[in-house]
Amino acid sequence: MVWVGLAITICAIFTGFTFLQARAKPLPIYGSLPDFTLADQDNQKTTLATLRGDVCIADAIFTRCAGQCLIMSSTMKQIQGALPGSLPVKLVSFTTDAAYDTPAVLKKYGARYGAEDGRWLFLTGDKTILRHAMVDGLKLSVVDKPPGEQETPDDLFIHSTKLVLIDKEGRIRGYFDGETPDSVAQIIADAKSLARE
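For every chain, the first residue of its written sequence is number 1, and the numbers climb from 1 along that sequence. Totals for whole chains, interfaces and linings use every residue, but because this is a predicted model, local features are given only for residues with pLDDT of at least 70 and side-chain atom pairs only at 80 or more, for both listing and counting. No hydrogens and no water enter the side-chain calculation; it runs on all heavy atoms of the structure.

### Considering the overall build of the protein chain
Note the threshold: To qualify as a helix, a DSSP run of H or I must reach at least 4 residues; to qualify as a strand, a run of E must reach at least 2; elements of each kind are numbered from the N terminus. Relative accessibility thresholds used throughout: buried, under 20% of the residue-type maximum; exposed, over 50%; partly exposed, between the two (1.4 Å probe, protein chains only).
Along the protein chain, the regular secondary structure elements total six helices and 10 strands. Across the 197 residues in the protein chain, those meeting the buried criterion constitute 45%.

Now the structure itself:
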């Protein structure tokens with residue numbers, strides 16, 4: 001009986017150690033966010049250098065979106081609420097609709113989701129710079145929807161619903177589904193892990 005108990009204990013220790021080692025494996029690096037100069041919802045200049053030193057969780061949205069963006073922004077709100085304010089983690093939403101989404105419009109949109117000043121940034125500016133950051137940097141798909149394919153006047157873009165995890169050096173470390181709550185716990189855990197590095 002003692003030997004059986006000892007064998008079970010050893011197996012439990014070995015399993016726990018193996019699990020911890022698997023979780024301790026570093027997150028992969030998928031690329032880097034390119035340098036950019038954009039404006040946030042307070043019309044403050046924001047660059048890649050502004051974000052360095054913080055872990056970021058980024059997405060692509062636009063304020064006139066009546067579908068997936070609402071779900072993604074709700075997910076970002078949930079993440080904001082679950083992450084301690086003391087952690088060096090920022091949320092960053094890039095707009096796909098620079099012509100309409102001025103800093104003032106983004107400020108109002110952010111207020112709907114309880115975006116905390118300095119913690120959740122909504123970025124706008126030159127369309128070319130935005131697309132370079134989102135498409136070339138974050139590897140998110142963003143396409144203008146042709147007028148003939150638009151189902152409503154605000155059905156303007158086809159874009160990715162992924163959330164992107166970026167480390168303190170501006171490197172992409174993970175992609176997560178922005179439309180399902182299942183990914184929230186994992187992105188929070190991974191963001192905390194990167195924040196401690």
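### Some points on the pairing of strand 4 (residues 55-61)
Put simply, the rule reads: Pairing between two strands requires that DSSP report at least two bridges joining them. Note on handedness: a clockwise path from strand one over the helix to strand two, with the strands aimed away from the viewer, defines a right-handed crossover.
Among the seven residues in strand 4, seven count as buried, and that is most of the element. What you see with strand 4 is no split at all: Val55, Ile57, Asp59 and Ile61 on one side and Cys56, Ala58 and Ala60 on the other are buried throughout. Summarising the sheet, strand 4 and strand 5 (residues 89-95) pair through seven bridges and their orientation is parallel. Among the inter-strand pairings, alanine 58 is bridged to a residue of strand 5, identified as valine 92. Assessed by its sense of winding, the connection that carries the chain from strand 4 through helix 3 (residues 68-82) to strand 5 is right-handed. Sheet analysis places strand 4 next to strand 9 (residues 162-166), joined by three bridges and oriented antiparallel. Note on strand 9: the bridge partner recorded for cysteine 56 is isoleucine 166.

### With respect to the sheet that holds strand 4
Rule in force here: The contact criterion used is simple: two residues touch if any of their non-hydrogen atoms lie within 4.5 Å. Helix axes are fitted only over the stretch in contact, all axes being lines through C-alpha atoms; the angle between N-to-C directions runs from 0 to 180 degrees.
Spatial strand order, 1-10-9-4-5-6: six strands in an open sheet with mixed pairing. Here the strands that pair on one side only, and so sit at the sheet edges, are strand 1 (31-32) and strand 6 (120-123). Against the sheet, helix 5 (residues 127-137) engages strand 1, strand 4, strand 5, strand 6 and strand 10 (171-177), with an angle of about 110 degrees to strand 5. With respect to the sheet, helix 6 (residues 184-195) is in contact with strand 4, strand 5, strand 9 and strand 10, its orientation differing from that of strand 4 by roughly 140 degrees.

### So, the nonpolar core
Side chains of a nonpolar character, in soluble globular proteins, are inclined to be buried together. Stated precisely, the cut-off is as follows: Within this scheme, the nonpolar core is defined by two criteria: the residues are buried Ala, Val, Leu, Ile, Met, Phe, Trp, Tyr or Cys, and they are joined through side-chain atoms within 4.5 Å.
One finds Ile57 and Ile79 to be the most contacted residues of the largest nonpolar core, which totals 27 residues. Contributions of two or more residues to this core are made by strand 4, helix 3, strand 5, helix 4 (103-112), strand 6, strand 9 and helix 6. Ranked by residue count, the leading element in this core is helix 6, at six residues. Aside from chain neighbours lying at most four places away, what touches isoleucine 57 is Met76, Ile79, Leu83, Val89, Lys90, Leu91, Val92, Leu163, Val164, Leu165, Ile187 and Ala191. Of all hydrophobic cores here, the second largest spans 22 residues; its members include Leu38, Ala60, Val92 and Val164.

### Focus: the pattern of salt bridges
Note the threshold: Whenever a carboxyl oxygen of Asp or Glu lies within 4 Å of a side-chain nitrogen of Lys or Arg, that contact is scored as a salt bridge.
Applying the stated criterion across every chain yields a total of seven salt bridges. The shortest N-O distance in the salt bridge between aspartate 54 and lysine 90 comes to 2.9 Å. Remark: lysine 90 occurs in strand 5 and aspartate 54 occurs in the loop between helix 2 (48-51) and strand 4; sequence separation between them is 36 residues. The pair aspartate 54 / lysine 90 is uniform in exposure class, with both members buried. Ionic pairing is found between arginine 64 and aspartate 97, a salt bridge with its closest N-O pair at 2.9 Å. With a gap of 33 residues between them, arginine 64 in the loop between strand 4 and helix 3 and aspartate 97 in the loop between strand 5 and helix 4 connect regions that are remote in the sequence. One network of salt bridges, with partners in common, ties together Asp42, Lys107 and Asp117.

### Let's talk about the pairing of strand 10
Consecutive residues of a regular strand have side chains that alternate between opposite faces of the sheet. By the bridge criterion, two bridges tie strand 1 to strand 10 in an arrangement that is antiparallel. Bridging across to strand 10, serine 32 finds its partner in arginine 171. Pairing of strand 9 with strand 10, which is carried by five bridges, proceeds in the antiparallel orientation. Across the sheet, leucine 163 pairs through a bridge with phenylalanine 176, a residue of strand 10.

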